[in-house]
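Each chain is listed here by its residues.
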Amino acid sequence: MNIKVWDYLDEFEAERDDIMAGVEKVFRSGRLILGESVKNFEASFSSYCGVKHGIGVDNATNGLFLALKALDIGQGDEVITVSNTAVPTVSAIRASGANPRFVDIVPGTYLMDTAQLESAINSKTKCIMPVHLFGQCVDMKAVQAIAQKHGLKVIEDSSQAHGAMQNGAKAGAMSDLAVFSFYPTKPLGGYGDGGIIVTNDSKLDARLRRLRFYGMENQYYAEEDGYNSRLDELHAEILLRKLKRLDQYIATRRKLAVRYEQLLAKTSLQLPKIAPGNFHCYYLYVARHADRKRIIEELAKRDIHVNISYPWPIHTMRAYKELGYKEGDLPQTEAAAKEIFSLPMYAYLTEQAVERTCAALGEILNEPIG
């Protein structure tokens, strides 16, 4: 049995008839750009999040960029975020003209350490961008309290947190703007790139609709400089159909996470910790061990494949050298990057595959499993 860290083929076979009916519907609609499928998906997804407005975009990287532009954040400004995230979080900040200012993480959850936020704020700070990493939310009560005290905007990078909750509030509903990714691996994944920005602010909604469409409200007339960042009809229709199954996907992920916990609790692996008040959607199931390299190599010999999210903290990357950070500046982030790895996790992963993965880990570590 070849066990992949993620795969979509079983999902596609199970959902093929519905997906292909959606493709047929779009192709026969006579409208391929910004039609009814995008409109319906925007309304449905924002409603799912408990937010008034949704603006479909071509990918979440551009979604974060447009969110910053809509808030007039740019040249010379700073955005506080974390270094243990996907590069797109930071590339979007840089594309806007702003610079990231990094804070460290909380060991165990790997989420932004909100206790460090105030010390990172200076006269250039305009925004806090918490990253809801691996499927659970940053402490948004703390983020919002600090943002309000200092007059800062908040953008949730919710790219990995579809359906995640904190104290009953959905990811995406706890900020000025939030951005989700529909990259295929995500809890709600498409069959290509896609993203959405959600907000309760009607003025921001209107501006974002302009910005994603060349700055135009009416065809051929630009009200402001804009971009081409539209969600395609085809992706929107597929996502609309899959949205009806999202809670089912999350329930399966959570069930598999429980099975991992049951089987691996007695091992020396550090397993995911859930922050207080959080409902984890388990985009990834991230374990930690000092002997990571050997574990990954031995799993591969058994045809079990894992991933590392993320092996290099962004502040240590050559591309961001000019930001002035050096190794040792974010010790918790750097320590985690050397030891974390993601076990197989997706909605169509079988319990048998989880059990085989755990049995292999027990053999490799020479430790009992549950």
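Each remark here, short or long, concerns the structure printed above.
On a predicted model such as this, the values are computed, not experimentally measured, just so you know. (Residues numbered from 1 in each chain as written. Predicted model: local features only at pLDDT ≥ 70, side-chain atom pairs only at ≥ 80, totals over all residues. Heavy atoms only, no water.)

(A) Expanded view of empty space enclosed by the protein. Inspection of the entire model under this criterion finds four cavities of 30 Å³ or more. Of the voids in this model, the largest cavity is the one considered here, and its volume is about 80 Å³. Lining the largest cavity are 13 residues, and of these Trp 6, Glu 11, Lys 186, Arg 253 and Ala 347 lie nearest its centre. Among the residues forming the lining of the largest cavity, the class breakdown is seven nonpolar, one polar and five charged. (1 Å grid on protein atoms, 1.4 Å probe; cavity = no way out; pocket = protein on both sides within 12 Å on 5 of 7 lines; lining within 4 Å. Points joined across faces, edges and corners; volume = space filled by probe spheres on them. Nonpolar A, V, L, I, M, F, W, Y, C, P; charged D, E, K, R; others polar.)

(B) Representation of helix 4 (residues 87-95) in the model. Burial in helix 4 covers these residues: Thr 89, Val 90, Ala 92 and Ile 93. Take helix 4 and look down its axis: the buried residues cluster within an arc of 155°, on one side only. (Buried < 20%, exposed > 50% of the residue type's maximum accessible area, 1.4 Å probe, protein only. Helix = DSSP H or I, 4+ residues; strand = E, 2+ residues; numbered from the N terminus. Arc of directions from axis to C-beta.)

(C) The nonpolar core, seen in detail. Ranked by size, the top nonpolar core spans 54 residues in total, and within it Phe 41 and Phe 45 carry the most contacts. Contributions of two or more residues to this core are made by helix 2 (36-49), strand 2 (78-82), helix 5 (117-120), helix 6 (140-150), strand 8 (177-181), strand 9 (195-199), helix 8 (233-243) and helix 9 (246-264). In terms of residue count, helix 2 provides more of this core than any other element does, five residues in total. Residues in contact with Phe 45, not counting those within four places in the same chain, are His 162, Phe 180, Phe 182, Leu 188, Ile 196, Val 198 and Leu 243. Ranked by size, the runner-up nonpolar core spans 27 residues in total, among them Leu 299, Leu 343, Ala 353 and Leu 365. (Core = buried A, V, L, I, M, F, W, Y, C linked by side-chain atoms within 4.5 Å. Contact = heavy atoms within 4.5 Å.)

(D) Inspection of the packing of helix 2 against helix 8 at higher detail. Where helix 2 contacts helix 8, the axes come no closer than 8 Å and their chain directions differ by 40°. Here helix 2 is positioned oblique relative to helix 8, judged by the angle of their axes. Seen along the crossing, helix 2 lies across helix 8 with a hand that is left-handed. Touching Glu 36, Ser 37, Val 38, Asn 40, Phe 41, Ser 44, Phe 45 and Tyr 48 of helix 2 are Glu 233, Ala 236, Glu 237, Leu 239, Leu 240 and Leu 243, all from helix 8. The residue makeup of the contact of helix 2 with helix 8, split by class, is eight nonpolar, three polar and three charged. (Axes fitted to C-alpha atoms, helices over the stretch in contact; angles between N-to-C directions. Parallel < 35°, antiparallel > 145°, perpendicular 65-115°, else oblique. Left-handed = near helix turned anticlockwise from the far one by under 90°.)

(E) Representation of helix 3 (residues 60-70) within the structure. Counting buried residues along helix 3, eight of its eleven residues qualify, which places the element largely inside the surrounding structure. Taken together, the buried positions of helix 3 are Ala 60, Gly 63, Leu 64, Phe 65, Leu 66, Ala 67, Leu 68 and Ala 70. For helix 3, the side-chain oxygen to backbone nitrogen distance between the N-cap and Thr 61 is 3.2 Å, and the N-cap itself is Asn 59. Downstream of helix 3 by one or two residues, Asp 72 has phi in the positive range, about 60°. (Polar contact = N/O pair within 3.5 Å; in protein donor to acceptor, adjacent residues only side chain to side chain.)

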